[in-house]
Amino acid sequence: MFKKSLTLGVSIILPLTLVIGCSESSDTPSPSTDAVSSPSNGKYDKELTITVSRAILDASTVKDDLEAKMLKEKFNLVFKAEDYSRNDWATKMTLMFSTGDGPEFIPYSRDQWKSVEWMSSGYLRPFELDEIKQKLPNYLKIWTDEEWDTVLKSTRFSDGKLYFLPNKRTIPVQTAWQYRKDLFDKYGLKFPKTPDEMIDTLKTIKDKTGLIPFVVPGNSSSPLWAVSTFFQMFGFPDLLLTWNSYVDPVTKQFYAYPLASDQSRDILIFLNKMYKNGLLMKDFATATADQTNKLIAQGNHVIAQTINDPSYMDGQQKAAAPDVKWAWVDNFDHPSSDPKKTIYKKESYYSFWGPAIKKGTSQEKVDRLLDYLNWAVSDEGQLWYTYGKEGVTYEQKDGVPTFLPTMSTPTQAQGDKLANFGINIGVIGLGGFITPYKSFDETFNKTKLEMSKVIPSKPGYYGPIEPILQLSDADRKKLVGLETTLNGVRDEYWLKFIMGALDPSNDADWKKFMDAANKAGLPEVVKLRTDAYAKANNS
């Protein structure tokens, strides 16, 4: 199956603007990566070829595969890669694993991408705790003891073992509202503080400009991702589509499946008003990223809850709107339906994805991979995966690595990406396993670092709590099957409510939804989740 070498594979990473985090490494002098240091003890005299499969979002031309060169020079490793579109990757991987094939190394596994199924089926090799301590000391250094305890409890499988290495999020708060300040100023508008003000303000802009105020697509896992931005306005975490359950940060009450409960009716009434007034793109449920990017480039989209730097947003619309000026909302205020309680997006310690190794991979290859991963989270590895190669993608200015003018950055949309140099294919690097180098956030994420101080200190602001669940293997399989059906029913009826085929304020229409949800297994899902939450928090 693995016919394409790394140098021939297509590559892409999530845009560099999606990178988050702040390294906790020491302030030792920056290592030079003009040439990656080579082993001197003969440990890697034998070349090893390891099969790899990666989920690719878009195709980027690799002009010089620096990662392949680094792997060869430093670890005498060759990654023989077979890459697939992200839409097809999980299905193809599951098929390969089930037939005894499949890659030896997965740089970026995700629970949404069947990795839980792979753990359950025995396709992946566990990372033993003693092995992590002995072979991955740099990895353990990025966590405090409290963080690692929480991460381990949250990401271990039902057998108590860890089958992937979660990456660390190190900016506690990095998402806030942005808006087209040039348009708001032109029409004498203030950023809204409530859902009703949101609708009135966006209607004014639409009436005066003809622009679609909010343009975001759904994705293959759920079309509702397009509108999850607005969940927080009504006290729900915006990651609820991933979590399904959450714990109220004020009352500490556990909600097993709130998107099929009376709690969600106010959200749907709001979203229906947004859709009915043309404030959402009409085909948000089916639009592709290319379609929405085209609309945004034409000047549509005037509000966003995002981690992207405002200058990056400017670059997306500059051609159609020369006077465009995006800005963070002053003091990072967040619209809320409850003036006494505002939920902001508080990042977890970790992301539920990271590198994994196929069961049955030889110990020789496992040892080489662990050496590579341990280096990747060292100061030298973080610098390399954050900035690339000195003289090719960055230069040192006053001791600080600085991207060359030819490179795309969080503040410059145009230019080469690291993926054009073979770096971060499949997101082993930024946005995946690697914590960004310590200077990156001070250079590009100063506002996000400020958010992490300002937002949590605001009165009435609370970070949502992601629940830890403890499920047996049998219950996990049962829950996955039930939720696959239930989530499909949820999406179907939510779209009907949003687009006006049903009225969320009408009790008879709401009963249709609840009857369908109950038939799809809602009571069983609630019980399984509630019992798993109680078990995890009483153990």
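From a predicted model like this one, the values you see are computed outputs, not experimental measurements.

Colleague: With reference to specific residues and values, describe the pairing of strand 5 (residues 176–180).
Modeller: Most of strand 5 is tucked away, with 5 of its 5 residues classed as buried. One ladder, built from 4 bridges, connects strand 5 with strand 8 (residues 303–306); its direction is antiparallel. Note on strand 8: the bridge partner recorded for Tyr179 is Ile303. In the sheet, strand 5 pairs with strand 9 (residues 326–328) via 3 bridges, with the strands oriented antiparallel. Directly across from Gln178, in strand 9, lies its bridge partner Trp328.

Colleague: Outline helix 18 (residues 507–519), supporting the account with residue identities and numerical values.
Modeller: Spanning 13 residues, helix 18 covers 18 Å between terminal C-alpha atoms, matching the ideal 18 Å at 1.5 Å per step. Among the residues of helix 18, those classed as buried are Asp509, Trp510, Phe513, Met514, Ala516 and Ala517. When helix 18 is viewed along its axis, its buried side chains cluster within an angular range of 160° and face the same direction. In helix 18, the exposed positions angled more than 90 degrees off the buried face are occupied by Asp507, Lys511 and Lys519. Looking at the buried positions of helix 18, the neighbouring elements they touch are helix 10 (265–276), helix 17 (473–499) and helix 19 (522–538).

Colleague: Run through the sheet that holds strand 8, naming residues and quoting values.
Modeller: Pairing is antiparallel across the open sheet formed by 3 strands, whose spatial order is 8-5-9. Edge positions in the sheet fall to strand 8 and strand 9, since each of these pairs with one other strand and no more. In this sheet, adjacent strand axes meet at a mean angle of 30° when their direction is disregarded.

Colleague: So, the confidence of the model for the protein: which residues are in play, and what are the values?
Modeller: Looking at the protein as a whole, its pLDDT mean stands at 86, while 88% of the residues score no less than 70. Confidence drops under pLDDT 50 across residues 1–35; counting only partners more than four residues distant or on other chains, this segment forms 129 contacts.

Colleague: Help me get a handle on the pattern of salt bridges, residues and values and all.
Modeller: One pass over the structure, following the stated rule, counts 26 salt bridges. Among the ionic pairs, Lys345 bridges to Asp238, the shortest N-O distance being 3.9 Å. Remark: Asp238 occurs in the loop between helix 8 (195–209) and helix 9 (240–243) and Lys345 occurs in the loop between strand 10 (342–343) and strand 11 (350–351); sequence separation between them is 107 residues. Overall, the relative accessible area of 10% leaves Asp238 in the buried class. Linked by salt bridges that have partners in common, Lys193, Asp333 and Lys458 make up one network.

Colleague: Summarise unusual backbone geometry; cite the residues concerned and give the values.
Modeller: A positive phi angle, near 85°, is found at His301, a position not held by glycine. One can find His301 in the loop between helix 11 (289–297) and strand 8. A positive phi angle, near 60°, is found at Asn331, a position not held by glycine. Structurally, Asn331 is set in the loop between strand 9 and strand 10. Owing to a relative accessible area of 45%, Asn331 belongs among the partly exposed residues under this scheme.

Colleague: Provide a residue-level description of the side chain of Thr393, including the pertinent values.
Modeller: As for its placement among the helices and strands, Thr393 is situated in the loop between helix 14 (379–387) and strand 13 (394–397). Given a relative accessible area of 0%, Thr393 falls into the buried group. Only 2.4 Å separates the side chain of Thr393 from the backbone oxygen of Tyr387, close enough to count as a polar contact.

Colleague: Pulling in residues and values, what's your account of the nonpolar core?
Modeller: Grouped together as the largest cluster of nonpolar side chains are 67 residues, with contacts concentrated most on Met198, Phe230, Phe270, Ile303, Trp494, Ile498 and Phe513. For this core, the elements supplying multiple residues, two or more each, are strand 5, helix 7 (181–186), helix 8, helix 9, helix 10, helix 17, helix 18 and helix 19. Here this core takes 9 residues from helix 17, the largest share from any one element. Those residues within four positions of Ile303 in sequence are excluded, and the remaining contacts are Trp177, Gln178, Tyr179, Phe184, Phe191, Met198, Leu202, Pro213, Phe214, Phe230 and Trp326.

Colleague: Got a sec to walk through helix 16 (residues 446–457)? Specific residues and values, please.
Modeller: The α-helix winds at 3.6 residues per turn, so residues separated by three or four positions along the chain end up facing the same way. Compared with an ideal rise of 1.5 Å per residue, which puts 12 residues at 16 Å, helix 16 spans 17 Å between its outermost C-alpha atoms and is within 8% of the ideal. Inspection of helix 16 places Lys448, Leu449, Met451, Ser452, Val454 and Ile455 among the buried residues, and these make up the whole buried set. Buried residues along helix 16 sit in contact with strand 5, strand 9, helix 15 (438–444) and strand 15 (461–462).

Colleague: Hey, could you go over the environment of Gln298 for me, with residue numbers and the actual values?
Modeller: Within the secondary structure, Gln298 sits in the loop between helix 11 and strand 8. Residue classification places Gln298 among the partly exposed positions, given a relative accessible area of 45%. Spatially, the C-alpha atoms of Gln298 and Lys318 are 9.1 Å apart, while their sequence positions differ by 20 residues.

Colleague: I'd love a proper account of the packing of helix 13 (residues 363–376) against helix 14, names of residues and values included.
Modeller: Where helix 13 meets helix 14, the closest approach of the two axes is 6 Å, and the angle between their N-to-C directions is 80°. Comparing the axis directions of helix 13 and helix 14 gives the class roughly perpendicular. Facing Tyr372, Trp375 and Ala376 of helix 13, the residues of helix 14 in contact are Glu380, Gly381, Gln382, Trp384 and Tyr385. Per-class residue counts for the contact of helix 13 with helix 14 are 5 nonpolar, 2 polar and 1 charged.

Colleague: For the environment of Val227, give the residues involved together with the corresponding values.
Modeller: As for its position among the elements, Val227 is in the loop between helix 8 and helix 9. We classify Val227 as buried; its relative accessible area is 1%. Residues Val227 and Leu271 lie 44 residues apart in sequence; the distance between their C-alpha atoms is 7.9 Å. Non-local contacts of Val227, meaning those with residues more than four positions away in its chain, are made with Leu271, Leu280, Phe284 and Ile498.

Calculation notes
Residues numbered from 1 in each chain as written. Predicted model: local features only at pLDDT ≥ 70, side-chain atom pairs only at ≥ 80, totals over all residues. Heavy atoms only, no water. Buried < 20%, exposed > 50% of the residue type's maximum accessible area, 1.4 Å probe, protein only. Helix = DSSP H or I, 4+ residues; strand = E, 2+ residues; numbered from the N terminus. Pairing = 2+ DSSP bridges. Expected span 1.5 Å × (residues − 1). Arc of directions from axis to C-beta. Contact = heavy atoms within 4.5 Å. Axes fitted to C-alpha atoms, helices over the stretch in contact; angles between N-to-C directions. pLDDT = per-residue confidence, 0-100. Salt bridge = Lys/Arg side-chain N within 4 Å of Asp/Glu carboxyl O. Polar contact = N/O pair within 3.5 Å; in protein donor to acceptor, adjacent residues only side chain to side chain. Core = buried A, V, L, I, M, F, W, Y, C linked by side-chain atoms within 4.5 Å. Parallel < 35°, antiparallel > 145°, perpendicular 65-115°, else oblique. Nonpolar A, V, L, I, M, F, W, Y, C, P; charged D, E, K, R; others polar.

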